[in-house]
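Chain residues, written in single-letter form:
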Amino acid sequence: MANSSELTPSPHIALLPSSGMGHLTPFLRLAALLAAQGVKITFITPLSKKSFICLHSTIFLHIRKAADPFYYHIEVTRRSCHLLSSLLPSLSPPLSAIITDMSLTATVVPITKALNIPNYIFFTSSAKMLTLFLSFHTLVGSKANTNLHEIDDIEIPTLEPIPKCWIPPPLLQDKNDLLKAYIIRERTLAALNGDKVIHGIPSVFAIGVLPPCGFQKTKTLAWLDDQAIGSVLYVSFGSRTALPREQLRELGDGLVRSGYSFLWVIKVKKVDREDDEQLRDVIGDELMESINQKGLVVKHWLDQENILRHPAIGGFLSHCGWNSVTEAIWHGVRVLAWPQHGDQKINADLVERFGMGIWPKSWGWGGEVIVKGGQIAEKVREVMRNELLKMQARKHRRRD
Ligand code: UDP
Ligand code: UDP
């Protein structure tokens, strides 16, 4: 007689991520975890020659090139979603479920509902940011053009209020901002979130911190191997954030003045392929000389996982993108938080609450004020000297 595993076929799950590394990375990690459990995985993406499935649509050609490629790709994905109606039923073996990015909820859920395919929504940030996200629906209600200038801190039953200044500014300011448009478009969520945050929303499962999936195995930097254990501050603002020039120079000055060694991954422009400027032109010769004596500056993509796991790293000056925060937790590295946009103030707050980092709130959002080198040096020293932060970060470490 056949045993039960022979009778039960492996589940088949499709994943449909949204735009940007910050969304793609957790989807890949989740896919790797599921695959390790024997789940058959299909990744869906528009217009990628190497994708398992190509959701190519001629509509793509008519989309106005948005200034931010992140939003452009979301829009391409969103406008290709109608093709899912025929594509999903054609997959073999039949799908057990689909996991879609939160930003695509309103577009995809009606399709998967009609097809009777269970649709899990993957929110690639913290539960606290999800609370803000869902609360925003309650605030805005059905009026897409509500003027939110006058709202107060967001009150959430049983939780501490979320200060108004932590809400991503575009949500409060531009009526036509794309981020706001995406969030407000998520009317399914608004409906699910009828009265309070907790009542009526679908079940939310916390599945992080997701382990790295080890796709990119790169060499570590020889320079790091020569540094003392725990002596180096790693500085990175993620994949999408380029600081203003003046701020870059103050940051360089601050790092040098801190007295600590540092590895600084610098982004001069938002879109890397346009990133052809010489570092010296941005930083200036004199500062560049000082930087080279104490640190290493790179202007290309490094595998952050490999850096954070290196014993020489003693701290992380981070914009607190959710992936960077979870990677810092995974590797047990102290954080000096400098949120720039999006969910990053919410994330920075969590870093402080975990007791594994410091967030100088007067630094504001990226570009809001120019933070002086002296202030940066002081906070770098505060974090790198703080043994309690080091112990707490070690306590949270998930890596073996
Ligand atoms: N990333 C990277 N190299 C870079 C910049 C970014 O590998 O030079 C990855 C990073 O590991 C993370 C993702 O890109 O997984 C960025 O996601 P996050 O949520 O931190 O920020 P977002 O891009 O959404 O603002
Ligand atoms: N990352 C990387 N190398 C870099 C910069 C970033 O590997 O030089 C990775 C990082 O490990 C993280 C992601 O890119 O997984 C950035 O995601 P995050 O959410 O931190 O920030 P975002 O880039 O979305 O602002």
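Rules used in this analysis
- Residues numbered from 1 in each chain as written.
- Chains lettered and ligands numbered in written order.
- Predicted model: local features only at pLDDT ≥ 70, side-chain atom pairs only at ≥ 80, totals over all residues.
- Helix = DSSP H or I, 4+ residues; strand = E, 2+ residues; numbered from the N terminus.
- Buried ≥ 20, exposed ≤ 12 C-beta atoms within 10 Å, placed from the backbone.
- Contact = placed C-beta atoms within 7 Å.
- Near = placed C-beta within 6 Å.
- Nonpolar A, V, L, I, M, F, W, Y, C, P; charged D, E, K, R; others polar.
- Core = buried A, V, L, I, M, F, W, Y, C linked by C-beta atoms within 7 Å.
- Pairing = 2+ DSSP bridges.
- Axes fitted to C-alpha atoms, helices over the stretch in contact; angles between N-to-C directions.
- Parallel < 35°, antiparallel > 145°, perpendicular 65-115°, else oblique.
- Left-handed = near helix turned anticlockwise from the far one by under 90°.
- Arc of directions from axis to C-beta.
- pLDDT = per-residue confidence, 0-100.
- Right-handed = clockwise from strand over helix to strand, strands pointing away.

1. A short note on the overall build of the chain
Point 1. On a plain count of helices and strands, the chain comes out with 18 helices and 11 strands.
Point 2. Residues classed as buried in the chain amount to 37% of the 400 residues present.
Point 3. Counting contacts in the chain only where the partners sit at least 6 residues apart, residues at least 24 apart contribute 66% of the total.

2. As for the site of ligand 2
Point 1. The local shell around ligand 2 holds 20 residues, among which G22, G238, Q304, G321 and S324 are the closest.
Point 2. Elements with a minimum of two residues in the shell around ligand 2: α2 (21-36), α14 (304-308) and α15 (322-331).
Point 3. Of all the elements, α15 adds the most residues to the shell around ligand 2, at four residues.
Point 4. Partitioned by chemical class, the residues of the shell around ligand 2 number five nonpolar, 11 polar and four charged.

3. Notes on the nonpolar core
Point 1. Among the nonpolar cores identified, the biggest contains 58 residues, and L233, Y234, V351 and V380 are the most heavily contacted of them.
Point 2. With six residues, helix α6 (residues 127-140) is the largest single contributor of residues to this core.
Point 3. The residues touching L233, leaving out its near neighbours within four places in the chain, are Y260, F262, G314, G315, L317, V380 and M384.
Point 4. Among the nonpolar cores identified, the runner-up in size contains 16 residues, and A14, L15, C81 and L88 belong to it.

4. Comments concerning the site of ligand 1
Point 1. Neighbouring residues of ligand 1: 14 residues in total, closest M21, G22, T25, S239 and G321.
Point 2. Of the residues belonging to the shell around ligand 1, the class tally is three nonpolar, 10 polar and one charged.

5. Focus: the environment of Q37
Point 1. By the element assignment, Q37 lies in the loop between α2 and β2 (40-45).
Point 2. Taking the C-alpha atoms as reference points, Q37 and S10, separated by 27 residues in sequence, lie 9.3 Å from one another.

6. A short note on the sheet that holds strand β6 (residues 232-236)
Point 1. Read from one edge of the open sheet, six strands run β8-β7-β6-β9-β10-β11, paired in parallel fashion. Of all strands in the sheet, those bounded by a partner on one side alone are β8 (295-298) and β11 (357-358).
Point 2. Relative to strand β7 (residues 261-265), β6 runs parallel, the two being bridged by four bridges. In the sheet register, V235 faces β7, and the bridge partner there is W264.
Point 3. Here helix α17 (residues 373-385) sits on the sheet in contact with β6, β9 (313-318), β10 (335-337) and β11, set at roughly 140° to β9.

7. Describing the packing of helix α11 (residues 245-258) against helix α13 (residues 285-294)
Point 1. Between α11 and α13, the least distance of the axes is 9 Å, while the angle of their chain directions is 40°. Between α11 and α13, the interaxial angle falls into the category oblique. Remark: the crossing between α11 and α13 carries left-handed chirality. Here R249, G252, D253 and V256 of α11 lie close against α13, whose contacting residues are L287, S290, I291 and K294.
Point 2. Its residues placed into classes, the contact of α11 with α13 shows three nonpolar, two polar and three charged.

8. Side note on the packing of α11 against α17
Point 1. The contact between α11 and α17 brings their axes to 7 Å, and the two run at 45°. Relative to α17, α11 is oriented oblique. Two packed elements cross with a definite hand, and for α11 against α17 that hand is right-handed. Residue-level inspection shows E250, L251, D253, G254, L255, R257 and S258 of α11 in contact with α17, the latter providing G373, G374, I376, A377, V380 and R381.

9. With respect to unusual backbone geometry
Point 1. Geometrically, the link from S92 to P93 is a cis peptide bond, its omega value of -5° lying close to zero.
Point 2. With respect to the secondary-structure elements, P93 resides in the loop between α4 (84-90) and β4 (97-101).
Point 3. With phi around 65°, N116 is a residue other than glycine that occupies positive phi space.
Point 4. Its place among the elements puts N116 in the loop between α5 (105-115) and β5 (119-122).
Point 5. Positive phi values are uncommon outside glycine, yet C320 reaches one of about 70°.
Point 6. Of note, C320 is situated in the loop between β9 and α15.

10. Brief notes about α5
Point 1. Turning to α5, its buried residues are T105, A106, V108 and T112. For α5, the angular spread of the buried residues around the axis is 165°, confining them to a single face.
Point 2. Positive backbone phi, approximately 65°, marks N116, located one or two places after α5.

11. Notes on the environment of L350
Point 1. Tracing the chain through its elements places L350 in helix α16 (residues 344-353).
Point 2. When sequence neighbours within four positions are dropped, the list of residues in contact with L350 reads S126, K128 and V325.

12. Some points on the confidence of the model for the chain
Point 1. Residues of the chain with pLDDT of at least 70 account for 78%, and the chain-wide mean is 82.
Point 2. Low confidence marks residues 1-5, where pLDDT is under 50. Its contacts with residues over four positions away, or in another chain, come to one contact.
Point 3. Predicted confidence for residues 48-63 stays below pLDDT 50, and this span has 26 contacts to residues more than four positions away or in other chains.
Point 4. Confidence metrics for the complex model read pTM 0.72 and ipTM 0.64.

13. Considering the pairing of strand β1 (residues 12-16)
Point 1. Counting buried positions along β1 gives four out of five residues, so the element sits mostly inside the fold.
Point 2. The pairing of β1 with β2 spans four bridges and is classified as parallel. Of the residues in β2, the one forming a bridge with I13 is I41.
Point 3. Chirality of the crossover, the property in question, places the unit of β1, α2 and β2 among those that are right-handed.

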